[in-house]
Amino acid sequence: MSRHLQITFDAHDPRALSSFWREVLGYVHPPPPGVELPEGAAPLAAWDEFLARAGVPEEQWNTKSAIEDPAG
């Protein structure tokens, strides 16, 4: 049986907080929906491009962030 767990933090800088925990836990930033990142690509840069193409105002780009276990 597998379990999924999600923890939410309220943060002034979600990108910095998720980057900190990514390093601590050895997790990764997931790519944007429908985007396949090549090896070594920067997922946060891909998110910026994705959000720009989606028309999200730049001041809203750092209102959320996530990391995930690379082993699933």
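Predicted, not measured: the structure shown is a model, and the values here were computed from it.

Enquirer: I'd like to hear about the pattern of salt bridges, residue by residue, with values.
Expert: Tallying each qualifying case throughout the model produces two salt bridges. Linking Glu-23 and Arg-22 is a salt bridge whose minimum nitrogen-to-oxygen distance equals 2.9 Å.

Enquirer: Describe in detail the environment of Val-28, supporting the description with residues and values.
Expert: Structurally, the position occupied by Val-28 is in the loop between helix 1 (14-25) and helix 2 (43-53). Separated by eleven residues in sequence, Val-28 and Glu-39 place their C-alpha atoms 13 Å apart. Ignoring any residue separated from it by four or fewer positions in sequence, one finds Val-28 in contact with Arg-22, Ala-66, Ile-67, Glu-68 and Pro-70.

Enquirer: Outline helix 2, listing residues and values.
Expert: Those residues of helix 2 lying buried are Leu-44, Ala-46, Asp-48 and Leu-51. Those residues of helix 2 that are buried are in contact with helix 1. Directly after helix 2, the chain includes Gly-55, whose backbone phi takes a positive value near 80°.

Enquirer: I'd like a description of the environment of Phe-9, backed by residues and values.
Expert: As for its position among the elements, Phe-9 is in the segment before helix 1. Take Phe-9: its relative accessible area is 54%, and that puts it in the exposed class. The spatial distance from the C-alpha of Phe-9 to the C-alpha of Lys-64 is 9.9 Å, given a sequence separation of 55 residues.

Enquirer: Describe in detail the environment of Ser-65, supporting the description with residues and values.
Expert: By the element assignment, Ser-65 lies in the segment after helix 2. For Ser-65, a relative accessible area of 33% gives the class partly exposed. Spatially, the C-alpha atoms of Ser-65 and Asp-13 are 9.1 Å apart, while their sequence positions differ by 52 residues. Apart from residues lying up to four places away in sequence, Ser-65 is in contact with Pro-14, Arg-15, Ser-18 and His-29. Polar contacts involving the side chain of Ser-65 include one to the side chain of Ser-18, which spans 2.6 Å.

Calculation notes
Residues numbered from 1 in each chain as written. Predicted model: local features only at pLDDT ≥ 70, side-chain atom pairs only at ≥ 80, totals over all residues. Heavy atoms only, no water. Salt bridge = Lys/Arg side-chain N within 4 Å of Asp/Glu carboxyl O. Helix = DSSP H or I, 4+ residues; strand = E, 2+ residues; numbered from the N terminus. Contact = heavy atoms within 4.5 Å. Buried < 20%, exposed > 50% of the residue type's maximum accessible area, 1.4 Å probe, protein only. Polar contact = N/O pair within 3.5 Å; in protein donor to acceptor, adjacent residues only side chain to side chain.

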